[in-house]
Amino acid sequence: MSGGDPRLVQLLTPEGERVEHPDYHLQLTDQDYRDLYRDMELIRRVDFEATALQRQGELGIWASLLGQEAAQIGSGRALRPQDMAFPTYREHGVAWCRGVDPVRILGTFRGNDQGGWDPADHNFQLYTIVIGAQTLHATGYAMGIAKDGRVGGDDPAKDEAAIVYFGDGATSQGDVNEAFIWSSVFTAPVVFFCQNNQYAISEPLERQTRVPLYQRASGFGFPGVRVDGNDVLATYAVTQDALNKARGGEGPSLIEAYTYRMGAHTTNDDPTKYRIASEVESWKLKDPIARMKSFLIRQQVADNDYFDSVKADADALAAKLRADCLSMPEPAPDSIFDHVYPHGSPELDAQRATFTRYLDSFADAPAGGHR
């Protein structure tokens, strides 16, 4: 992955040098640059704290985003408030950009809830565990946007689009290919954002495809682009362009964010079983946060006091996250029935009553099945 690769959109070299691209021009303020760096630093600290909590038995599992911060923050900050995002189970950075409290994400991995935020409050759907299923959800949602006339209107600022995240492994799923077909033939305003982190759990990229993933889009009749996924500026610019085209009625597009999963697939995984240490070390030289920090220093838009303040904010966030996670109340067992239907149903009420009687049958059970 080099700046000389014509297939790869890059605005920052791994050394933090700003470069231009003929098709993607980005003008941000100094504060914008600093904010992108801060976002990446804070969400990496969330990731570190969540991993530590899982190792200490406080989370059942954790899916790390280590190494993918630029892909998520860059694309997440390109969204407008009215756009809808459909994540997998690793989009903690996008959730951060959409205003989801990280502790709500920990609640899901702790097993205290099935998703602790209302998608309508953040225009950020709940995490999807089934690989690739969310691409169909996003496509259907995007088709609804078009049918409601919220695409290509007289006021472009009010137009909407959907974006859906998935990994390189998901491209082998039938759901993803079906979503490509439907979005293409119905000109759905959806951006398919593939974080190609090189491994589908333990399977390397060459087990998924013999051509670059972004080239698959042409077979379905819409454009594809490969972006340096460790370059937050390029990711921002490419995603912004794709979303603008979708909102304007030009239909879907595929972004392949070429990045690398620095850690394990989840905390249940041991990546040393299927990849060599030298590969990981080579990707450390492309670290997205170190790259952005070098850029800020080169451009003289941030000093040591700024970096110290970001570290202090990260420390405070980590401490709050840990305290909030450990103080989460245990849900009542019968709360699993609370949100199945918005207004309940006789059948559901009968199931709840049966479950409650079962729980109450234990000698030490409090009344009402709350154990």
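Residues numbered from 1 in each chain as written. Predicted model: local features only at pLDDT ≥ 70, side-chain atom pairs only at ≥ 80, totals over all residues. Heavy atoms only, no water.

Draft legend 1. Structural view of the side chain of Arg-261. Inspection of the secondary structure puts Arg-261 in the loop between strand 8 (253-258) and helix 10 (277-284). A residue is classified by how much of its surface remains accessible, and Arg-261, at 1% relative accessible area, is buried. Within polar-contact distance, the side chain of Arg-261 engages the side chain of Tyr-274 at 2.3 Å. Look past the residues within four positions of Arg-261 in its chain and what remains in contact with it is Leu-66, Gln-68, Arg-90, Asn-197, Tyr-199, Ile-201, Asp-269, Pro-271, Tyr-274 and Arg-275. (Helix = DSSP H or I, 4+ residues; strand = E, 2+ residues; numbered from the N terminus. Buried < 20%, exposed > 50% of the residue type's maximum accessible area, 1.4 Å probe, protein only. Polar contact = N/O pair within 3.5 Å; in protein donor to acceptor, adjacent residues only side chain to side chain. Contact = heavy atoms within 4.5 Å.)

Draft legend 2. Molecular detail of the packing of aromatic side chains. Counted by the stated rule, this structure contains 25 aromatic pairs. For the pair Phe-86 and Tyr-141, a centre-to-centre distance of 5.6 Å together with 65° between the ring planes defines the contact as edge-to-face. Of this pair, Phe-86 sits in strand 2 (residues 84-86) while Tyr-141 sits in helix 6 (residues 133-147), and the two are 55 residues apart along the sequence. Residue classification places Phe-86 among the buried positions, given a relative accessible area of 5%. Of the residues examined, Tyr-141 reaches a relative accessible area of 27% and is grouped as partly exposed. An angle of 45° between the planes, with centres 6.0 Å apart, marks the rings of Tyr-258 and Trp-283 as tilted. With Tyr-258 in strand 8 and Trp-283 in helix 10, the pair connects residues that are 25 residues apart, well separated along the chain. Note on accessibility: Tyr-258 and Trp-283 belong to one class, buried. Put simply, the rings of Trp-62, Phe-109, Trp-117, Phe-124 and Tyr-127 touch in pairs and so form one group of aromatic residues. Here the guanidinium or amino end of Lys-286 rests over the ring plane of Trp-283, the centre of that ring lying 4.6 Å away. Its end group placed over the ring of Phe-307, Lys-293 keeps NZ or CZ at 4.8 Å from the ring centre. (Phe/Tyr/Trp six-rings, centres within 6.5 Å; stacked < 30°, edge-to-face > 60°. Lys NZ or Arg CZ within 6 Å of the ring centre and 35° of its normal.)

Draft legend 3. Up close: helix 6. Between its first and last C-alpha atoms helix 6 spans 22 Å; for 15 residues at 1.5 Å apiece the expected length is 21 Å, and the two agree. Within helix 6, the full set of buried residues consists of Ala-133, Gln-134, Thr-135, Ala-138, Thr-139, Ala-142, Met-143 and Ile-145. Summarising the contacts, the buried residues of helix 6 are in contact with strand 2, strand 3 (162-167), helix 7 (174-185) and strand 4 (190-196). Just downstream of helix 6 lies Gly-149, where phi reads positive at about 75°. (Expected span 1.5 Å × (residues − 1).)

Draft legend 4. Representation of unusual backbone geometry. One non-glycine residue, Thr-187, lies in the positive phi region at around 50°. By the secondary structure assignment, Thr-187 is in the loop between helix 7 and strand 4. Since its relative accessible area comes to 39%, Thr-187 is described here as partly exposed. With phi around 55°, Ile-201 is a residue other than glycine that occupies positive phi space. Along the chain, the position of Ile-201 falls in the loop between strand 5 (199-200) and strand 6 (203-204). Take Ile-201: its relative accessible area is 43%, and that puts it in the partly exposed class.

Draft legend 5. Looking closely at the sheet that holds strand 8. Spatially, 1-7-8-4-3-2 is the arrangement adopted by the six strands of the open sheet, whose pairing is parallel. Edge positions in the sheet fall to strand 1 (8-9) and strand 2, since each has one partner strand and no second. Here strand 7 (residues 224-228) pairs with strand 8 via five bridges, running parallel. Its bridge partner lying in strand 8, Asp-228 is registered against Tyr-258. (Pairing = 2+ DSSP bridges.)

Draft legend 6. A nonpolar patch on the surface, seen in detail. Judged by side-chain polarity, Ile-181, Trp-182, Val-185 and Phe-186 come together as a nonpolar surface patch covering roughly 420 Å² of accessible area. One can find Val-185 in helix 7. Residue Val-185 is classed as exposed on the basis of its relative accessible area, which comes to 57%. (Patch = residues over 30% accessible without salt bridge, like charges linked within 9 Å, V, L, I, M, F, W, Y side chains within 5 Å. Areas by Shrake-Rupley, 256 points an atom, 1.4 Å probe, with all protein chains shown as cover. Salt bridge = Lys/Arg side-chain N within 4 Å of Asp/Glu carboxyl O.)

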